[in-house]
Amino acid sequence: MKLVVVSAGLSVPSSTRLLADRLAAAVGRQTPVDVQVVELRDLAVEIAHNFTNGFPGKTLAAAIDAVTGADGLIVVTPVFSASYSGLFKSFFDVLGVSDKDALAGTPVLIAATGGTARHSLVLEHALRPLFAHLRAVVVPTGVYAASEDWGAEGLDGRIERAAGELAGLMTGLSAARPVRNDLEVVPFAQQLAALSGPSGA
């Protein structure tokens, strides 16, 4: 299965990318996955150009294809002004414009990083509504990591719980999508004739 990680961290090194990597590793411990990371920092110029000319550049188009073709997503943003970053929102705006149903039914784990625990509700008042609007299936446990959470008790447990929920959704949805090769297409006129019974009846 394909797991795509979208990281909106801007600095190098980035606590946002660190959290994204830890979440992906935790999912990998639950179920076999091929992980691909999309760093939005590297796509900023192409995202801006897409808004002005309506066409994604080569790298942005590849990122959109990766995200829309994923069996599961991990999305992580730093908190800016008590919400997700503009770069994060812009990427998903571009994706939504290209195909409003692109993420419909896709399992998504939401996560965020910030300097203080006071912004932890960003998961519920910003990220969860965004992905509900995109008709994704958001796992119950979101993961927020404030500066004081790194190395403290609690973060590892939240990471493992959220990863388990995402892995469960990914494997459950994959198993629920059997390939059907036995479907028979019956023309409407033939179906109608079968319902009407023998002529003259």
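If you're wondering where the values come from, they're calculated on a predicted model, not measured in any experiment.

Enquirer: Outline the side chain of S14, supporting the account with residue identities and numerical values.
Expert: Its location among the elements puts S14 in the loop between β1 (2-7) and α1 (15-30). For S14, a relative accessible area of 13% corresponds to the buried category. A polar atom in the side chain of S14 sits 3.1 Å from the backbone nitrogen of T16. Only 3.1 Å separates the side chain of S14 from the backbone nitrogen of R17, close enough to count as a polar contact.

Enquirer: Give a description of the packing of aromatic side chains that names residues and reports values.
Expert: Overall, the coordinates contain 5 aromatic pairs when judged by the stated rule. When the centroid spacing of 6.2 Å and the interplanar angle of 70° are considered together, the rings of F88 and F131 count as edge-to-face. Of the two residues, F88 sits in helix α4 (residues 86-98) while F131 sits in helix α5 (residues 122-133), which places them 43 residues apart along the sequence. Owing to a relative accessible area of 0%, F131 belongs among the buried residues under this scheme. Through a chain of ring-to-ring contacts, three or more aromatic side chains come together here, namely Y84, F88, F91, F92 and F131.

What counts and what doesn't
- Residues numbered from 1 in each chain as written.
- Predicted model: local features only at pLDDT ≥ 70, side-chain atom pairs only at ≥ 80, totals over all residues.
- Heavy atoms only, no water.
- Helix = DSSP H or I, 4+ residues; strand = E, 2+ residues; numbered from the N terminus.
- Buried < 20%, exposed > 50% of the residue type's maximum accessible area, 1.4 Å probe, protein only.
- Polar contact = N/O pair within 3.5 Å; in protein donor to acceptor, adjacent residues only side chain to side chain.
- Phe/Tyr/Trp six-rings, centres within 6.5 Å; stacked < 30°, edge-to-face > 60°.

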